[in-house]
Amino acid sequence: MAGGGKWRTWPLWLSTVLAPVAVSVAANQVLNDGVWSGPWLAGTIVAAVAAGLVAERAARVAAPASGTVAETMRELARLVHDRWSEEVVTRSLGDPRIPVSWHMTRRARLMDHPHLIADREPAVSGRSDDVAALAVAFRSLRRRRLVITGGPGTGKTTLAILLTLELIRTRADDDPVPVLLPVADWDIDAHPRFQDWVAERVRTDYAALRPPGGRRDGADVLAARGSILAVLDGLDELPEPARAKVIEKLSGTLTERDQVIITSRTTEYGDAVTAARRPLRAAAVIAPKALRPDVVADYLGDWVSAHSPAWTEVLRALRSGAAPALAEVTSTALGLWLVRAVHIDRPDADPAPLAAEYAHDARALRVHLLDNLLPALLHAHGTIRQATWDPAAVTAWTHRLARLPSGPGGPDLAWWRLTDQALPASRTPRALARTWIGWLSGLVFAVPAALTAMLTYGPVFGAAFGLCFGLSAAQAVRTPDFAPLRVRRRLRDFTRGLLSDVPTILLVLPFGLGLPAVIYSTWADGWRAGLATLLAGLGLGWVGLRVLRQQDGAPGPADENRLPPFTAALTPQSTWRVNRGLVGLQLMNALLLGAIVGFAVDFMNEVSVVAFHPSPSVDAGMGIVFGVSFGLVNKRQHMWLTSAVALVHLGPARRLPFRLMRFLDELHRLGVLRTVGPFYQFRHAELRDHLAATESAE
């Protein structure tokens with residue numbers, strides 16, 4: 001999450017301040033031929049000051065009221081529950097659940113001393129289709145620390161999601177809030193303390209608001225109190241040295257009240273424990289049991305028609321042991337899901353090869369299922385919007401997506417990095433493409449800034465100003481701004497609050513105190529001066545009202561026990577839309593910025609005591625100063641524009657679809673991708689690896 005609250009709202013504040021100034025400049029050019037009289041200048045300045053106060057009030061009104069720690073925890077729990085309940089539906093994890101059995105690991109070296117873990121043996125056991133019992137067992141642990149291990153595709157992440165939802169459903173007010181987080185995103189060097197990283201990641205994924213004055217926000221307070229149960233998914237996805245460092249950091253920074261759940265492949269976790277020279281302190285470690293053929297047959301039988309001769313034969317072979325390859329593949333949750341997706345969800349698929357052609361070759365059967373998964377999902381869901389894409393193109397793009405180099409977040413697919421990752425691999429073409437895309441992105445900001453400055457103070461100044469503004473805008477950073485705009489709510493709440501002030505402003509302060517000045521200005525200098533004085537009076541009325549209200553009962557310092565709330569569970573789609581809106585807001589700033597710079601230079605010329613006739617070089621110099629000063633701010637808002645420009649180049653080359661976010665969202669709907677905060681990930685690492693290793697027929 002970008003910076004503090006003031007940096008999130010400054011574009012709106014600046015635009016609001018510059019708007020009346022720009023209008024005043026235009027009106028002065030038309031009505032006064034650019035000659036600045038005292039009353040007109042006073043009205044312009046007061047209007048700008050009043051607009052700044054209005055914007056400040058709007059920002060204050062738009063921010064939701066703070067709540068107690070318990071209320072903040074309930075709000076976070078609601079957001080997490082809603083977020084992952086939707087993911088359960090998208091990934092079909094609950095209809096019905098695959099009955100994977102879990103037991104305490106028999107590898108004693110992976111766990112701490114038994115008396116530190118629980119009062120009884122076994123401490124944790126149960127099944128994925130009875131996650132309520134697992135939640136009870138977890139809460140019975142001394143420190144409530146659990147490591148979910150298993151081989152590839154055994155359902156570790158699925159169990160973590162279901163356990164997260166169950167712990168939220170049954171939590172008491174003082175229980176910590178479980179939040180699923182990708183542990184591969186933890187940069188130990190940037191966040192040496194585990195609690196600091198948890199706060200940063202929760203703040204990003206659930207849009208925690210920063211309170212004024214640099215105070216800690218809800219994520220900081222909850223993480224420090226041990227009120228967040230971090231469910232760390234994918235320890236095995238970290239590089240080998242990093243896994244051991246994570247175990248060491250957790251053992252060194254977890255306090256007695258901190259609770260944690262970790263998922264990892266068994267081998268990788270064992271290697272990390274060996275490298276760290278000790279297991280995670282007081283953590284129970286569970287592992288899955290292989291699904292038995294009779295359990296698999298019962299599960300598949302609930303999905304298929306009882307009158308299907310082909311499936312009757314396959315299930316008979318599975319139970320009798322005549323299809324050992326099918327029994328081996330379906331002994332894991334992933335293999336069982338593959339069979340269901342390829343041969344059950346697609347009604348026209350023939351299941352006979354499962355017990356015939358692939359009866360004794362488990363490797364060939366797995367390759368067959370992975371090869372046919374994407375076509376089966378496309379067919380079962382009616383193909384991804386056939387009017388836009390054909391299945392061959394979808395398959396080709398998905399293979400390319402799997403082959404993209406990993407970013408700093410490991411397996412995370414971030415939309416603001418994908419376009420850069422898809423550029424040519426060769427160094428020179430890649431550098432040229434980056435430079436060209438950056439120039440085009442900066443041009444979007446340079447053109448309106450140059451035109452506005454050109455209209456206000458000539459072509460030389462406008463060209464120089466636009467060039468500098470565009471160059472500074474083109475140098476975008478690599479992480480976007482995730483701050484939600486909430487424009488509709490801002491306008492609605494502000495309007496309601498402002499209406500109560502209008503009678504006082506219009507009837508009491510300006511006319512009671514400034515009406516004589518308005519009458520005198522109109523009589524002495526004409527109606528234009530009177531209008532300017534009236535505007536100044538209205539602005540002063542607003543300022544006076546604000547001062548009186550603050551003196552009449554200004555709110556005291558914020559209660560440290562009250563926290564700004566979490567506002568939304570961020571998704572890749574929401575962050576894309578937020579950054580698109582921020583680009584529009586900054587374009588408006590570019591227009592208004594040119595107007596205010598022109599006003600400043602024009603005013604300096606008019607009021608200068610000595611004759612001042614700026615040369616083109618002086619104009620260019622002022623343009624450079626103002627352009628660099630303002631253009632270098634808020635580059636976090638440019639990532640959407642840079643990605644959009646890059647897609648214009650990558651689309652025709654078929655490296656990525658032009659409508660990238662729609663494509664990724666459809667893959668998520670199909671179940672190929674999952675979402676974790678503002679990131680996409682492939683649903684299974686094995687599926688990603690298979691797609692990356694195979695070529696698609698375009």
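A brief report on the enclosed structure follows. The model shown is predicted, which means the values in this text are computed figures rather than measured ones.

Along the chain, Arg91 falls in the loop between helix 3 (69-90) and strand 2 (101-104). Separated by 578 residues in sequence, Arg91 and Arg669 place their C-alpha atoms 8.0 Å apart. With near-sequence residues (within four places) excluded, Arg91 lies in contact with Thr157, Thr158, Ile161, Arg674 and Arg683.

A few words now on the sheet that holds strand 4 (residues 145-150). Read from one edge to the other, the open sheet built from seven strands follows the order 3-2-8-4-7-6-5, with strand pairing classed as mixed. Two strands close off the open sheet at either side, each with one partner strand: strand 3 (126-127) and strand 5 (177-182). Where strand 5 and strand 6 (residues 228-233) come together, six bridges link them in parallel fashion. Residue pairing in the sheet places Leu180 in a bridge with Val231 of strand 6. Of the strands in this sheet, strand 5, strand 6 and strand 7 (260-265) are in contact with helix 7 (residues 194-205), which crosses strand 5 at around 90°.

To continue, consider empty space enclosed by the protein. This model, assessed by the stated rule, comprises seven cavities of 30 Å³ or more. Approximately 510 Å³ is the volume attributed to the largest cavity. Secondary-structure elements contributing two or more residues to the lining of the largest cavity are helix 6 (156-169), strand 7, helix 14 (333-343) and helix 29 (685-693). In terms of residue count, helix 6 provides more of the lining of the largest cavity than any other element does, five residues in total. Its residues assigned to classes, the lining of the largest cavity comprises 13 nonpolar, 11 polar and 11 charged.

Moving on, we come to the packing of helix 9 (residues 240-253) against helix 10 (residues 266-276). At a closest axis distance of 8 Å, the pairing of helix 9 and helix 10 adopts a crossing angle of 65°. The handedness of the crossing between helix 9 and helix 10 comes out as right-handed. In contact with Arg243, Ala244, Ile247 and Glu248 of helix 9, helix 10 contributes Glu268, Tyr269, Ala272, Ala275 and Ala276. By residue class, the composition of the contact of helix 9 with helix 10 is six nonpolar, no polar and three charged.

Here Val394 lies in helix 17 (residues 391-403). With 262 residues separating them along the chain, Val394 and Leu656 place their C-alpha atoms 9.9 Å apart.

We now examine the pairing of strand 4. Among the six residues of strand 4, six are classified as buried, and the element is accordingly described as predominantly covered. Here strand 4 shows two buried faces, one formed by Arg145, Val147 and Thr149 and the other by Leu146, Ile148 and Gly150. Across three bridges, strand 4 lies against strand 8 (residues 284-288) in parallel orientation. Each bridged residue has a counterpart across the sheet, and for Ile148 the counterpart in strand 8 is Ile286.

A few words now on unusual backbone geometry. Despite not being glycine, Arg144 has its phi angle at roughly 55°, a positive value. Among the secondary structure elements, Arg144 is positioned in the loop between helix 5 (131-139) and strand 4. With a phi close to 70°, Arg277 is a non-glycine residue in the positive phi region. Topologically, Arg277 is positioned in the loop between helix 10 and strand 8. Classification of Arg277 as exposed rests on a relative accessible area of 72%.

Basis of the calculations
- Residues numbered from 1 in each chain as written.
- Predicted model: local features only at pLDDT ≥ 70, side-chain atom pairs only at ≥ 80, totals over all residues.
- Heavy atoms only, no water.
- Helix = DSSP H or I, 4+ residues; strand = E, 2+ residues; numbered from the N terminus.
- Contact = heavy atoms within 4.5 Å.
- Pairing = 2+ DSSP bridges.
- Axes fitted to C-alpha atoms, helices over the stretch in contact; angles between N-to-C directions.
- 1 Å grid on protein atoms, 1.4 Å probe; cavity = no way out; pocket = protein on both sides within 12 Å on 5 of 7 lines; lining within 4 Å.
- Points joined across faces, edges and corners; volume = space filled by probe spheres on them.
- Nonpolar A, V, L, I, M, F, W, Y, C, P; charged D, E, K, R; others polar.
- Left-handed = near helix turned anticlockwise from the far one by under 90°.
- Buried < 20%, exposed > 50% of the residue type's maximum accessible area, 1.4 Å probe, protein only.

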